[in-house]
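# Descriptive analysis of the structure
Here is how the chains run, residue by residue.
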Amino acid sequence: MAQSYGSYQEEIYLRALGGVLPEFPMEHGELEERARAALPPSVWSYVAGGAGDEQTQRANVDAFGRWGLMPRMFVGAKERDLPVELFGMRLPSPLLMAPIGVIGLCAQDGHGDLATARAAARTGVPMIASTLSADPMEDVAAALGDTPGFFQLYTPTDRDLAAHFVQRAKRAGFRGIVVTLDTWVTGWRPRDLSTGNFPQLRGHCLANYFGDPVFRAGLERAPEEDLGAAVLRWTQVFGAPLTWDDLPWLRSLTDLPLIVKGLCHPEDVRRARDGGVDGVYCSNHGGRQANGGLPALDVLPGVVEAAGGLPVLFDSGVRSGADAVKALALGASAVGIGRPYAYGLALGGTDGAVHVLRTLLAEADLIMAVDGYPTLADLVPEALRRVG
Ligand SMILES: Cc1cc2nc3c(=O)[nH]c(=O)nc-3n(C[C@H](O)[C@H](O)[C@H](O)COP(=O)(O)O)c2cc1C
Ligand SMILES: O=C(O)C(=O)c1ccccc1
């Protein structure tokens, strides 16, 4: 079923005719400004901030400016075709919501994970639900409706807990497991170090752990009785520094599609493919983990080549529909949206996140129309020119 995402523009025209202006910002700069004003300062700096002096985070965004789409005329791109086939599922568009661990805190009521799931239900844009969630994964999955969800695993040092998370995710109805490899320890984040704001250390976003019988079995007293001890235990089990020797074990945990997140080096991609993963996710965690790195977009072509036809998910720095189009042209099978939907959520809960997703899709759709690339198959590297 082809959807006309550009119709969002028509809706806005019609409202303007009636003298009603959009409730939410139409471009990313203003979205950011308004989210900054709407969020408590510590949550804002946690979400907006990154590693070191944030050079990698900025470079992620700037990298998109070095590519441009070459327009083609007389194409008659009246109908655009954005649906994609991914892991045996047909998705209405190539966008995904990237996992955001503190998304709970971005919503006024503290239930941003559920609000995100509802935005997924309304748009058909899949949610990748983080392990670090304010609500249990079962509740998040239930709020997704018919839209597929993926569960993002931070692999605990306790293997039984890891296995149990994956089992729970399958039972809850998630359609794939995304294992994040770049964050078994958090990076050097000066903003959080100066504000002292580590939401996880206050027990936020640990619902998946605190409600889990395997996690609780490792505690002397329940988290409801002794939060400090539970958080301390969480710091001990949070992140296993995995090696290639662990990949067969990870693979054995599930028959769901297994996707590994954080791959940038082509050799790592080849090894992951040889290890039996179903997809790779090219990302540098939005520059939150290691500063001094390469822009994620610049490593994408090497990842795509090494993936040898395996699906390649991509995120880090996507701020517009134009950015999404460029990542798709460079070979991404699907594009993850990160901070922008968190900002939408901060401004207007589910409605705000839906607005951000519809805006990105409308812009991508209209670029494909105007520039004469009506289908995703038309978006190939040759459609782009390097600007500088
Ligand atoms: C506040 C915040 C929390 C995040 N939490 C997680 C997480 O729990 N798991 C994960 O795999 N990635 C997490 N990420 C990384 C995102 O999935 C994604 O890689 C990143 O946001 C992309 O960069 P961008 O938002 O600048 O486009 C988080 C990102 C942000 C901004
Ligand atoms: O903030 C993040 O990006 C993130 O993924 C994370 C990881 C561990 C603890 C808290 C957040």
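First, a word on what this report is: a plain description of the structure on this page. Everything numeric in this text was worked out from a predicted model, so none of it was measured. (Residues numbered from 1 in each chain as written. Chains lettered and ligands numbered in written order. Predicted model: local features only at pLDDT ≥ 70, side-chain atom pairs only at ≥ 80, totals over all residues. Heavy atoms only, no water.)

## A word on the environment of Gln200
Tracing the backbone shows Gln200 in the loop between α9 (190-195) and α10 (207-210). Judged by its relative accessible area of 13%, Gln200 falls in the buried class. Measuring from C-alpha to C-alpha, the distance between Gln200 and Ala38 comes to 21 Å, with 162 residues separating the pair along the chain. Discounting chain neighbours no more than four positions away, the residues touching Gln200 are Tyr46, Leu206, Val231 and Trp234. (Helix = DSSP H or I, 4+ residues; strand = E, 2+ residues; numbered from the N terminus. Buried < 20%, exposed > 50% of the residue type's maximum accessible area, 1.4 Å probe, protein only. Contact = heavy atoms within 4.5 Å.)

## Considering the site of ligand 2
In the neighbourhood of ligand 2, the contacting residues comprise Tyr46, Leu132, Tyr154, Thr183, Thr186, Arg189, Gln200, Phe238, His285 and Arg288. One of the side-chain nitrogen or oxygen atoms of Arg189 is found 2.8 Å away from an oxygen atom of ligand 2. His285 is positioned with one of its side-chain polar atoms (N or O) 2.8 Å from an oxygen atom of ligand 2. In the complex, 94% of the free accessible area of ligand 2, which totals 290 Å², lies under the protein chains. Of the residues that constitute the shell around ligand 2, the class distribution is four nonpolar, four polar and two charged. (Near = heavy atom within 4 Å. Polar contact = N/O pair within 3.5 Å; in protein donor to acceptor, adjacent residues only side chain to side chain. Areas by Shrake-Rupley, 256 points an atom, 1.4 Å probe, with all protein chains shown as cover. Nonpolar A, V, L, I, M, F, W, Y, C, P; charged D, E, K, R; others polar.)

## Some points on the state of the cysteines
The full count for this structure, using the stated rule, is zero disulfides. A disulfide-free cysteine, Cys282 has its sulfur positioned 5.0 Å from the sulfur of Cys264, the nearest such atom. (Disulfide = S-S within 2.5 Å.)

## Some points on the side chain of Ser45
As for its position among the elements, Ser45 is in helix α3 (residues 41-48). Accessibility expressed as a relative area gives 9% for Ser45, which makes it buried.

## Some points on the side chain of Asp315
Inspection of the secondary structure puts Asp315 in the loop between β10 (312-314) and α16 (321-329). Within the structure, the side chain of Asp315 is placed 2.6 Å from the side chain of Ser283, a separation counted as a polar contact. Within the local environment of Asp315, its side chain forms a polar contact with the side chain of Ser316, the two groups lying 3.0 Å apart. Excluding residues that lie within four positions of it along the chain, Asp315 makes contacts with Ala98, Lys261, Tyr281, Cys282, Ser283, Ala296 and Gly336.

## Things to note about the packing of aromatic side chains
Within this structure, the stated rule accounts for eleven aromatic pairs. For the pair Tyr209 and Trp234, a centre-to-centre distance of 6.1 Å together with 85° between the ring planes defines the contact as edge-to-face. Taken together, the positions of Tyr209 in helix α10 and Trp234 in helix α12 (residues 227-237) put the pair 25 residues apart, joining distant regions of the chain. You can call Tyr209 buried: its relative accessible area is 0%. Three or more aromatic residues joined by ring pairs form one cluster here, namely Phe151, Tyr154, Phe165, Phe174, Tyr209, Phe210, Phe215, Trp234 and Phe238. If you follow Arg159 out to its NZ or CZ, it ends over the ring of Trp249, 4.0 Å from the centre. In this structure, Lys261 is placed above the aromatic ring of Tyr281, and the distance from its NZ or CZ to the ring centre is 5.3 Å. (Phe/Tyr/Trp six-rings, centres within 6.5 Å; stacked < 30°, edge-to-face > 60°. Lys NZ or Arg CZ within 6 Å of the ring centre and 35° of its normal.)

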